[in-house]
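# Topology and contacts: notes
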Amino acid sequence: MTPLPAFNAPGRFYKGNLHTHSTASDAVRSPADVCATYRDAGYDFLALTDHFQARYNFPITDTRPFRTNSFTTILGAEVHAPKTSLGEIWHILSVGLPPDFAPTPPEETGPQLAARCAAAGAFVAIAHPAWYGLTIEDGEAIAAAHAVETYNRTSAVRTDRGDGWALLDAMLARGHRLNACATDDAHFKCNDFFGGFVMVRAPSLDPDALLTALKAGHYYSSQGPELHSIHQDGDHIAITCSPATTIMMLGRGSGATQIFGDTLTSARLPIEPLRGSPHARIVTIDANGKHAWSNPFWFDALNH
Ligand SMILES: [Zn+2]
Ligand SMILES: [Zn+2]
């Protein structure tokens, strides 16, 4: 029995949204209102990630005044620099930046900026890749990334381009070891909040503990359903979860296996159908069509 670290690390799961905007950039609710919105909805933490651009005076929005005993925040920003293969500015999610993070100089490129964020301690994710047509070469250029944003609620609502798994699966197939994250990217001009979140397993509700767990991949992503445990049991992967109609395991290329039911709360899926894939990931879908996604895991890492 080899559990995935995300389900076996000390502590408990904390629910959070990693990507959100406020009136400090281009959204319509104040930082206090945004924090109250998530706090009142039962979230444990929030990263307010306003657009880090000159036109907004390079905000690292200070959400520290809105922390309570049961709700915390991580400082961060969505950072921008030229330019993707389609000639657009990069959108890079950086969670865990210092309040005095230096403004982006005009000559800094996206990959350089991502590396500077990571060096400053941030969890770095390639934001909404489908929304603006990132290629796999773009994805590979952001060498500092910890994750790809694989579900972005506002992109789903506004452009039907909320999915980032196509890019991440392609990067995994080329041997890159990155994680996934689901976020809202809420701007509050439409129904773009409470759609995608992460469940981070950490020893306490402390911003630094959450950030350490994020960078270690000790979390899963969801639109609502819960994942309770995932572990390797010989030539099978065993999963327990909130009631689902599909539980699936996906590997490299078309390698996949799944079971269907009405209210499945566990599964024992054989590894063999993945046909030697070095990695796998778990997805559950509930009766309302909502998904939960594990991070990718690698069999060589599980077996050490
Ligand atoms: Zn963006
Ligand atoms: Zn955004």
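So, here's what we can say about the structure.

About the criteria used
- Residues numbered from 1 in each chain as written.
- Chains lettered and ligands numbered in written order.
- Predicted model: local features only at pLDDT ≥ 70, side-chain atom pairs only at ≥ 80, totals over all residues.
- Heavy atoms only, no water.
- Helix = DSSP H or I, 4+ residues; strand = E, 2+ residues; numbered from the N terminus.
- Contact = heavy atoms within 4.5 Å.
- Areas by Shrake-Rupley, 256 points an atom, 1.4 Å probe, with all protein chains shown as cover.
- Lys, Arg positive; Asp, Glu negative; His and termini not counted.
- Charge placed at Lys NZ, Arg CZ, Asp CG, Glu CD.
- Donors = N, O, S within 2.8 Å, 3.2 Å for Na, K, Ca; no water.
- Tetrahedral: all angles 85-135°; square planar, octahedral: opposite > 155°, others 65-115°.
- Buried < 20%, exposed > 50% of the residue type's maximum accessible area, 1.4 Å probe, protein only.
- Pairing = 2+ DSSP bridges.
- Salt bridge = Lys/Arg side-chain N within 4 Å of Asp/Glu carboxyl O.

## Here's the deal with the overall build of the protein chain
Per the secondary structure count, the protein chain includes eight helices and 17 strands. Intrachain contacts of the protein chain at a sequence separation of at least 6 include 64% that bridge at least 24 residues. For the protein chain, the accessible area works out to roughly 12,000 Å², and carbon and sulfur atoms hold 52% of it. Taken together, the 22 basic and 30 acidic charged side chains of the protein chain have centroids lying 1 Å from each other.

## Digging into the coordination of the zinc ion (ligand 2)
Ligation of the zinc ion (ligand 2) by protein atoms is provided by His19 (NE2), His21 (NE2), Glu78 (OE) and Asp185 (OD), these donors lying 2.1 Å from the ion. Metal-centred angles of 81 to 171 degrees between the four donor atoms at the zinc ion (ligand 2) mark the site as irregular. The sequence pattern describing where the donors of the zinc ion (ligand 2) fall on their chain is H-x1-H-x56-E-x106-D. Between the zinc ion (ligand 2) and the zinc ion (ligand 1), the interatomic distance is 3.6 Å, and Glu78 donates to each metal, bridging them. Here His19 is found in the loop between β2 (12-17) and α2 (31-40), whereas its partner Asp185 is found in the loop between β9 (179-183) and β10 (197-202), with 166 residues between them in sequence. In this structure His19 comes out as buried when scored by relative accessible area, which is 0%.

## Focus: the side chain of Thr257
Looking at where Thr257 falls in the secondary structure, it is placed in strand β14 (residues 256-270). Overall, Thr257 belongs to the buried group, its relative accessible area being 9%. Not counting residues within four places of it along the chain, the set of residues in contact with Thr257 comprises Ile247, Met248, Met249, Leu269, Pro270, Pro273 and Leu274.

## Topic: the pairing of strand β15 (residues 279-285)
Counting buried residues in β15 gives seven out of seven residues, a clear majority hidden from the surface. Side chains His279, Arg281, Val283 and Ile285 of β15 all project onto a buried face; the interleaved residues Ala280, Ile282 and Thr284 project onto the opposite face, where all are buried too. As paired strands, strand β13 (residues 236-250) and β15 are joined by five bridges and run antiparallel to one another. In the sheet register, Ile247 faces β15, and the bridge partner there is Thr284.

## Notes on the pattern of salt bridges
In this structure the tally under the stated criterion is seven salt bridges. Ionic pairing is found between Arg281 and Asp169, a salt bridge with its closest N-O pair at 2.9 Å. With Arg281 in strand β15 and Asp169 in helix α6 (residues 165-173), this pair connects stretches of sequence that are 112 residues apart. Residue Asp169 is classed as partly exposed on the basis of its relative accessible area, which comes to 28%. For Arg268, the salt bridge identified is with Asp233, shortest N-O distance 3.5 Å. Placement of the pair is Arg268 in strand β14 and Asp233 in strand β12 (residues 227-233), with a sequence separation of 35 residues. Look at Arg268 and you get partly exposed, because its relative accessible area is 47%. Judged by relative accessible area, Asp233 falls into the partly exposed class, the value being 25%.

## Some remarks on unusual backbone geometry
In this structure, Asp160 is a non-glycine residue whose phi angle is positive, near 55 degrees. For Asp160, the position within the fold is in the loop between α5 (153-159) and α6. Phi at Arg275 is positive, roughly 50 degrees, even though this residue is not glycine. Along the chain, Arg275 falls in the loop between β14 and β15. Exposure remark for Arg275: the relative accessible area of 58% places this residue in the exposed category.

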